[in-house]
Amino acid sequence: MKIEQFTIEMYPEVYEIWKKTGLSLGKSDTKEEVQRAVNHSQDLFIVGKKDEKIVAVVMGAFDGRRGYVHHLAIDPEYQRLGLGNEIMQELHKRFTEKKIVKVHLFIEVDNEGVIEFYKKAGWHTREDLVMMSYVPN
Ligand SMILES: CC(C)(COP(=O)(O)OP(=O)(O)OC[C@H]1O[C@@H](n2cnc3c(N)ncnc32)[C@H](O)[C@@H]1OP(=O)(O)O)[C@@H](O)C(=O)NCCC(=O)NCCS
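Parameters at a glance
Residues numbered from 1 in each chain as written. Predicted model: local features only at pLDDT ≥ 70, side-chain atom pairs only at ≥ 80, totals over all residues. Helix = DSSP H or I, 4+ residues; strand = E, 2+ residues; numbered from the N terminus. Rg over C-alpha atoms; globule rule 2.2 N^0.38 Å. Buried ≥ 20, exposed ≤ 12 C-beta atoms within 10 Å, placed from the backbone. Contact = placed C-beta atoms within 7 Å. Core = buried A, V, L, I, M, F, W, Y, C linked by C-beta atoms within 7 Å. Pairing = 2+ DSSP bridges. Right-handed = clockwise from strand over helix to strand, strands pointing away.

## Observations concerning the overall build of the chain
In terms of helices and strands, the chain carries four helices and five strands. Tracing the chain from N to C terminus, the helices and strands come up as β-α-α-β-β-β-α-β-α. Compactness check: the chain gives a C-alpha radius of gyration of 15 Å against a globular reference of 14 Å for 137 residues, within 12% of the reference. Projecting the C-alpha coordinates of the chain onto the three principal axes gives extents of approximately 45 × 35 × 30 Å. Buried residues in the chain amount to 18% of all 137 residues. In the chain, the proportion of contacts linking residues at least 24 apart, taken out of those at least 6 apart, comes to 60%.

Here is the structure:
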């Protein structure tokens, strides 16, 4: 798989993969909001291509203290072929190059398969934390 940095022209293809894989999509996933994410952490937002077709995407980010992983998705026709692992290994490498000490991600509790996938990739679940959210206005 060929890995490239995401650019905004890829948005329609990437959005289609997010939709097909059943990710919860909302206000933060419009083209304008995705452009904001790109402006912030472009080199961590990557896609994987096979024969020039986007089949994998992951939106990595760094807020100056912690790294984050959002919206990892592999086109359903290409799942279970090792591509999820491949794109995450590339992202892990980029986090290391940036000397990011710790990276977090969020998974909906009923998405057990994805929890298993990440555990195999070396991630661990946190039992000592509760995630809280605040929505300004
Ligand atoms: C989760 C996801 C990214 C995995 O991608 P993938 O390309 O199918 O995964 P890989 O083929 O690289 O699998 C790597 C390992 O994880 C395991 N794995 C992958 N999906 C799994 C699942 N649903 N349940 C259990 N194990 C799983 C594989 O068996 C493999 O194990 P192995 O190394 O022992 O053979 C993909 O299923 C996906 O896009 N899911 C929908 C979107 C989503 O929920 N994203 C996460 C948002 S937080």
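Resuming the write-up.
## Details of the environment of glutamine 79
Its location among the elements puts glutamine 79 in the loop between β4 (67-74) and α3 (83-97). Note: C-alpha distance between glutamine 79 and phenylalanine 6 (73 residues apart in sequence) is 20 Å.

## So, the nonpolar core
Of all hydrophobic cores here, the largest spans 18 residues; its most connected members are Ala56, Val57, Val58 and Leu91. Broken down by secondary-structure element, the contributors of at least two residues to this core are α1 (11-20), β2 (45-50), β3 (53-62), β4 and α3. For this core, the element with the highest residue contribution is β3, accounting for five residues. Excluding residues that lie within four positions of it along the chain, valine 57 makes contacts with Val14, Ile17, Val47, His71 and Ala73.

## Quick word on helix α4 (residues 112-120)
Counted residue by residue, α4 has zero buried out of nine residues, so it is predominantly exposed. Positive phi appears at glycine 122, one or two residues downstream of α4, with a value of about 100°.

## Points about the pairing of β4
Summarising burial for β4: six of the eight residues are buried, a large majority. Pairing of β3 with β4, which is carried by six bridges, proceeds in the antiparallel orientation. From the neighbouring strand, glycine 60 faces β4, where its bridge partner is valine 69. What sits between β3 and β4 in their antiparallel hairpin is a turn of four residues, with glycine 64 showing a positive phi close to 100°. Here β4 pairs with strand β5 (residues 103-105) via three bridges, running parallel. Each bridged residue has a counterpart across the sheet, and for tyrosine 68 the counterpart in β5 is histidine 104. Considered for its hand, the β-α-β crossover made up of β4, α3 and β5 is right-handed.

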